[in-house]
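# Analysis of the macromolecular model
Listed below, chain by chain, are the residues.
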Amino acid sequence: MFLGSRAHYRVTSVIGHVFSVDFPAAFQDWANTNPSDLFQAPILKKESNPKAHICRHLSQEARGCSHLVLWLDCDREGENICFEVIECTGFHTNDGRRIYRARFSSVTEKDILKAMSSLVEPNRDEALAVDARQEIDLKVGVAFTRFQTSYFNGKYGNLDARVISYGPCQTPTLGFCVDRYLQIAMFKPEKFWMLHPYIMYKGYELKLEWERGRLFDADVAAMFRNRLMEDGTMRVVRVSEKLESKGRPSGLNTVNLLKVASSALGFGPQLTMQLAERLYTQGFVSYPRTESTAYPSSFDFKGTLVALVHNPAFGGYAQKLLTESYNKPRAGTDAGDHPPITPMRSASEDSLGNDAWKLYQYICQHFLGTLSPDCKYRRINVEFESGGEQFQCIGQLVTVKGFTSIMPWLAVSEKNLPDFAEGEKIEISKVDLDEGNTSPPDYLNESELISLMEKHGIGTDASISVHINNICERNYVQVQAGRRLVPTPLGISLIRGYQCIDSDLCLPDIRSFIEHQITLVAKGQADHSMVVQHVLDQFRRKFSYFVKQIENMDALFEAQFSPLSDSGRLLSKCGKCLRYMKYISTQPPRLYCGTCEEVYYVPQKGTVKLYKELTCPLDNFELLLCIMPGPEGKSFPLCPYCYNCPPFEGIDTFFGAPKTGDSSKLGKGVGMPCFLCPHPTCPHSVIAQGVCACPECSGTLVLDPVSAPKWRLYCNMCNCLVSLPEGAHRISTTQDKCPECDSTIIEVDFNKKTTPLKDGATLHKGCILCDELLHSLVEMKHGRSFSRHGRRGRGRGKGRGGYRGRGRGNNKQQDPKMSFRDF
């Protein structure tokens, strides 16, 4: 039944945002786009996960439906996804079809039925608030990032960064870490003295605490010590006793989970979320992204406890709570999105693995702790006086362990004291005057950083871990022992540079300003486009000033990093001046010609060395050989100049291109190696070294020039490998083509001891697809096997010189090597 009528339901889902924002293709080219133009540039929405085809799926499922009910997270992001779903289904274009929004905080039967009976309309204002944030973050982040990267990349040799990024959330996050570093660096220790008298009473030796704490004058501290020694006795001034309690925790939300995982389990935020999401998809815990710490009134506590009764680690405690009646959890905060993170079913360490078990164990302990009694203890405070100075001693005795039984790391430390009577005097056994130095704070740990981000509104429960991971991956901070975040020279120079030019750029206040404006949009109190324009105008002016003052930041970089001329090692000759260029291995790896003052980027991964002192016939640059890591990594030659400035039109797929498809910025390590070069006469090009089409993609199988003695072909587009006869002295391509399939004929010079040829012959020419001998000696890796049941294979690639391989039939039912000839 739906709204009083019988109905047929279709239920499906999305996987996060359906769309993401980006610039049109005209603004993707770093070289031809001024970063300042991005503030006024148009933006477009494209599918976040095109391979999943979510948009097409939603459109197909919506056909024939008359109502759309949206059950997304009840927060701003969820509201934004609602309108993305509306866009995909096309419901907004048909006035006869109705759209409803379900409001819920948990997915229990009671809440689902309640939400279905009180459907509302989706909130356009909250969705527009998210659109505003996305557009602002995109334009501001990309504009600053492109300018900084273009300005500094290629200028310093030991600047270990491929992209020098800026982000309205990422940069203040880094700012917290650098602020703590500067506090440590500028800290000046001071000596202090503390007075600690000791007394012996009823078999106890007690160390008393001085009410003054510590003094920074040695003579004054010594004077107080002498007064105590002269008095020689302690008089009990007051004995007070108080019953105190330590409250059980409220529900567990994402931020608290991240803090505990970092401080207690040693897991970084990114790993924690990966583990939590895996536990969620396997059905062991509830949804791990939530800001709420309050359980909904309809939450089934008893059912969750019953699910844990048979757990070998917590079953006994869960049964005890069921038997003795569990406590109602403390009131927390209901953010309206999801209930707190709780266990859903029992698991064991063997079934989860070590890391996932530790996280699951904590989630279970926290949940059981929320239903346990408070911890109660007696606090005894004894106050003393001697020589006119006040001292005290505190004892604690636990009466009810409560939740600390299942969360022992939060237990109250007990200290027993003898019974004192007010007015009695006790002899002082000794007086210590302890000397110490003030110490600087330690580097921020991840838990402290997450608290600061939460306090200042930097990021959300879903993005906090991403921002911390970004500043680590971009070499702005390093994670050291105790999950401490230590800024690198690059991170320090960036933040100090922002502080020199415009401190707003790295302060959390600027994010608070943005969030305040966006909140006005969400409440319907401000126009979405006007807020976006207002914020972007502010940042555009800041950007213009930043560009004019960039020398202030550059002065810090000059003091910290070495110029290119002082970096690297000599490697290969420049084709323009015939002088040796230096190879600089730090990210991004590159060659630098000091004579021409030119920088040539090389692939980001792999080892680069000189390739037999051979030169490129197009530009006279010495060729390099790049050897990718791993036992099956490709080895390929490349010309530094061709790699950075491809000489042929139509080379639309570059080696090393990012998944976003932006291959316009060659400084990212994107270019044309020899195995993509279509030069007709160069002996290293794909025309000369290509053998046949790849059966897996549209690429070409190319001979690996240095793979001996384990000769092989590799695809210049995908990871398909073909092993050639092993142990051959030499394998090379020829200028001949196979009359059957147009593939390149290869020449194999077999080893005399292992040659498969008759009469001890070693030289053999043939096509690896059509020649029976060669075909029986090759083996495919990372590719499909093709069955021989009377049908052709699935090869789709163009072969050497643009030809498509054909192959021929065979009566064999199965090819034990690779079934490769039929594609």
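Cut-offs applied
Residues numbered from 1 in each chain as written. Predicted model: local features only at pLDDT ≥ 70, side-chain atom pairs only at ≥ 80, totals over all residues. Heavy atoms only, no water. Helix = DSSP H or I, 4+ residues; strand = E, 2+ residues; numbered from the N terminus. Pairing = 2+ DSSP bridges. Axes fitted to C-alpha atoms, helices over the stretch in contact; angles between N-to-C directions. Disulfide = S-S within 2.5 Å. Parallel < 35°, antiparallel > 145°, perpendicular 65-115°, else oblique. Left-handed = near helix turned anticlockwise from the far one by under 90°. Contact = heavy atoms within 4.5 Å. Nonpolar A, V, L, I, M, F, W, Y, C, P; charged D, E, K, R; others polar. pLDDT = per-residue confidence, 0-100. Salt bridge = Lys/Arg side-chain N within 4 Å of Asp/Glu carboxyl O. Buried < 20%, exposed > 50% of the residue type's maximum accessible area, 1.4 Å probe, protein only. Expected span 1.5 Å × (residues − 1). Core = buried A, V, L, I, M, F, W, Y, C linked by side-chain atoms within 4.5 Å. Polar contact = N/O pair within 3.5 Å; in protein donor to acceptor, adjacent residues only side chain to side chain. Phe/Tyr/Trp six-rings, centres within 6.5 Å; stacked < 30°, edge-to-face > 60°. Lys NZ or Arg CZ within 6 Å of the ring centre and 35° of its normal.

## Re unusual backbone geometry
Put simply, alanine 708 and proline 709 share a cis peptide bond, and its omega is 5 degrees. Topologically, proline 709 is positioned in the loop between strand 22 (700–703) and strand 23 (712–715). We note that lysine 202 has phi near 50 degrees; this positive angle belongs to a residue other than glycine. In this structure, lysine 202 sits in the loop between strand 5 (191–201) and strand 6 (204–207). For asparagine 620, which is not a glycine, the phi torsion comes out positive at approximately 75 degrees.

## Observations regarding the sheet that holds strand 17 (residues 598–601)
Pairing within the open sheet is antiparallel, and its four strands lie in the order 14-15-16-17. Because the sheet does not close on itself, it has two edges, and the strands there are strand 14 (569–573) and strand 17. Neighbouring strand axes in the sheet, compared pairwise and without regard to direction, differ in orientation by 35 degrees on average. When strand 16 (residues 590–593) meets strand 17, the two strands line up antiparallel, connected through four bridges.

## Concerning the state of the cysteines
Under the defined criterion, the tally for this structure stands at zero disulfides. Not engaged in a disulfide, the cysteine cysteine 692 finds its nearest cysteine sulfur in cysteine 767; these two sulfurs lie 7.1 Å apart. With no disulfide of its own, cysteine 767 lies closest to cysteine 741 among cysteine sulfurs, the gap being 3.5 Å.

## A closer look at the packing of helix 15 (residues 489–501) against helix 18 (residues 550–560)
Interaxial distance between helix 15 and helix 18 falls to 8 Å at its minimum, and their mutual angle equals 150 degrees. Viewed along their axes, helix 15 and helix 18 adopt a mutual orientation that is roughly antiparallel. As for how helix 15 packs across helix 18, the hand of that crossing is right-handed. Side by side, helix 15 and helix 18 meet where Pro489, Leu490, Ser493, Leu494, Arg496, Gly497, Tyr498, Cys500 and Ile501 of the first sit next to Ile550, Asn552, Met553, Leu556, Phe557 and Gln560 of the second. Here the contact of helix 15 with helix 18 is composed, by residue class, of ten nonpolar, four polar and one charged.

## A short note on the confidence of the model for the chain
Across the chain, the average pLDDT comes to 85, with 91% of residues at or above 70. Counting contacts from residues 656–669, a segment whose pLDDT is below 50, to residues more than four positions away or on other chains yields 32 contacts. Residue range residues 785–823 is modelled with pLDDT below 50. Its contacts to residues more than four positions away, or to other chains, number 113 contacts.

## Some words on the side chain of histidine 467
Structurally, histidine 467 can be placed in helix 14 (residues 464–473). If we skip the residues at most four places from it in the chain, histidine 467 touches Cys169, Gln170, Thr173, Met453 and Gly459.

## A closer look at the pattern of salt bridges
Tallying each qualifying case throughout the model produces 26 salt bridges. Between glutamate 79 and arginine 103 there is a salt bridge, with the nearest N and O atoms lying 3.1 Å from each other. Of the two residues, glutamate 79 sits in helix 2 (residues 76–89) while arginine 103 sits in the loop between strand 4 (98–101) and helix 3 (109–117), which places them 24 residues apart along the sequence. Using a relative accessible area of 32% as the deciding quantity, one classes arginine 103 as partly exposed. The partner of aspartate 537 in a salt bridge is arginine 540, and the shortest N-O contact between them spans 3.4 Å. Taken as a pair, aspartate 537 and arginine 540 lie in helix 17 (residues 528–548) at a separation of three residues, close to a single helical turn. Arginine 540 gets classed as partly exposed once you look at its relative accessible area, which sits at 30%. Three or more residues are tied together by salt bridges with common partners; here these are Glu77, Arg133, Asp137, Arg511 and Glu515.

## So, helix 5 (residues 170–185)
Over its 16 residues, helix 5 runs 23 Å from end to end, which matches the ideal 22 Å to within 8%, given 1.5 Å per residue. With twelve of 16 residues buried, helix 5 lies mostly within the body of the structure. Structurally, helix 5 contributes buried residues whose contacts are with helix 13 (446–456), helix 14, strand 12 (477–480), strand 13 (484–487), helix 15 and helix 16 (508–522).

## Considerations on the environment of glutamine 365
With respect to the helices, strands and loops of the structure, glutamine 365 is situated in helix 12 (residues 354–370). Between the alpha carbons of glutamine 365 and proline 408 there is a distance of 9.8 Å; along the sequence they are 43 residues apart. Residues contacting glutamine 365, with those up to four places away along its chain left out, are Phe314, Ile406, Met407 and Trp409.

## Here's the deal with the sheet that holds strand 21 (residues 690–693)
As summarised here, the arrangement of the five strands in space is 21-22-23-24-28, forming an open sheet in which the pairing is antiparallel. Whereas interior strands pair on both sides, the edge strands pair on one side only; in this sheet they are strand 21 and strand 28 (779–781). Mean inter-strand twist for the sheet, computed between neighbouring axes without regard to direction, equals 25 degrees. Of the strand pairs in this sheet, strand 22 and strand 23 are connected by three bridges, and their pairing is antiparallel. Opposite valine 702, over in strand 23, you have tyrosine 714 as the bridge partner.

## Focus: the environment of valine 21
When you line up the elements, valine 21 lands in strand 1 (residues 19–22). On the basis of relative accessibility, which here comes to 16%, the residue valine 21 falls in the buried class. Each C-alpha atom of the pair valine 21 and glycine 332 lies 35 Å from the other, and the pair is 311 residues apart in sequence. Apart from the residues lying within four places of it in its own chain, the contact partners of valine 21 are Ile43, Leu44, Lys45, Gln134 and Leu138.

## What to know about the pairing of strand 27 (residues 763–766)
Burial along strand 27 is one-sided: the face carrying His764 and Gly766 is buried and the face carrying Leu763 and Lys765 is not. Here four bridges tie strand 26 (residues 744–749) to strand 27, and the two strands are oriented antiparallel to one another. Its bridge partner being in strand 27, glutamate 747 is matched across the sheet by lysine 765.

## Here's the deal with the nonpolar core
It is characteristic of soluble globular proteins that their nonpolar side chains tend to be buried jointly. Counting residues in each nonpolar core, the largest one holds 62 residues, and the members touching the most others are Phe144, Tyr498, Phe539, Phe546, Met553 and Phe557. It is helix 4 (residues 124–152) that provides the largest number of residues to this core, a total of nine residues. Apart from residues lying up to four places away in sequence, phenylalanine 557 is in contact with Phe152, Tyr156, Leu159, Leu490, Ser493 and Leu494.

## Some details on the side chain of arginine 101
When you line up the elements, arginine 101 lands in strand 4. Side-chain polar atoms of arginine 101 contact the backbone oxygen of aspartate 73, separated by 2.8 Å. Not counting the four nearest positions on each side in its chain, arginine 101 is found in contact with Leu70, Trp71, Leu72, Asp73, Cys74, Gly78, Glu79, Cys82, Leu119, Val120, Glu121 and Pro122.

## Things to note about the packing of aromatic side chains
All chains considered together, the criterion is met by 36 aromatic pairs. With 5.8 Å between their ring centres and 75 degrees between their planes, phenylalanine 2 and tyrosine 100 make a pair best called edge-to-face. Highlighted residues: phenylalanine 2 in the segment before strand 1 and tyrosine 100 in strand 4, separated in sequence by 98 residues. An identical accessibility class is assigned to phenylalanine 2 and tyrosine 100; each is buried. Aromatic pair phenylalanine 621 and tyrosine 641: ring centres 5.5 Å apart, planes at 25 degrees, arrangement stacked. Linking phenylalanine 621 in the loop between strand 18 (607–615) and strand 19 (622–627) with tyrosine 641 in helix 19 (residues 640–644), this pair joins segments that are 20 residues apart in sequence. Among the aromatic side chains, those forming a connected cluster through ring pairs are Phe39, Phe144, Phe147, Tyr151, Phe152, Tyr156, Tyr166, Tyr498, Phe543, Phe546, Phe557 and Phe561. Across from the ring centre of tyrosine 198, 4.6 Å away, lies the NZ or CZ of lysine 430, which sits over that ring.

## A word on helix 12
Here helix 12 contains 17 residues, and its C-alpha end-to-end distance of 25 Å stays within 8% of the 24 Å for a straight helix at 1.5 Å per residue. Helix 12 sits mainly inside the fold: 13 of its 17 residues count as buried.

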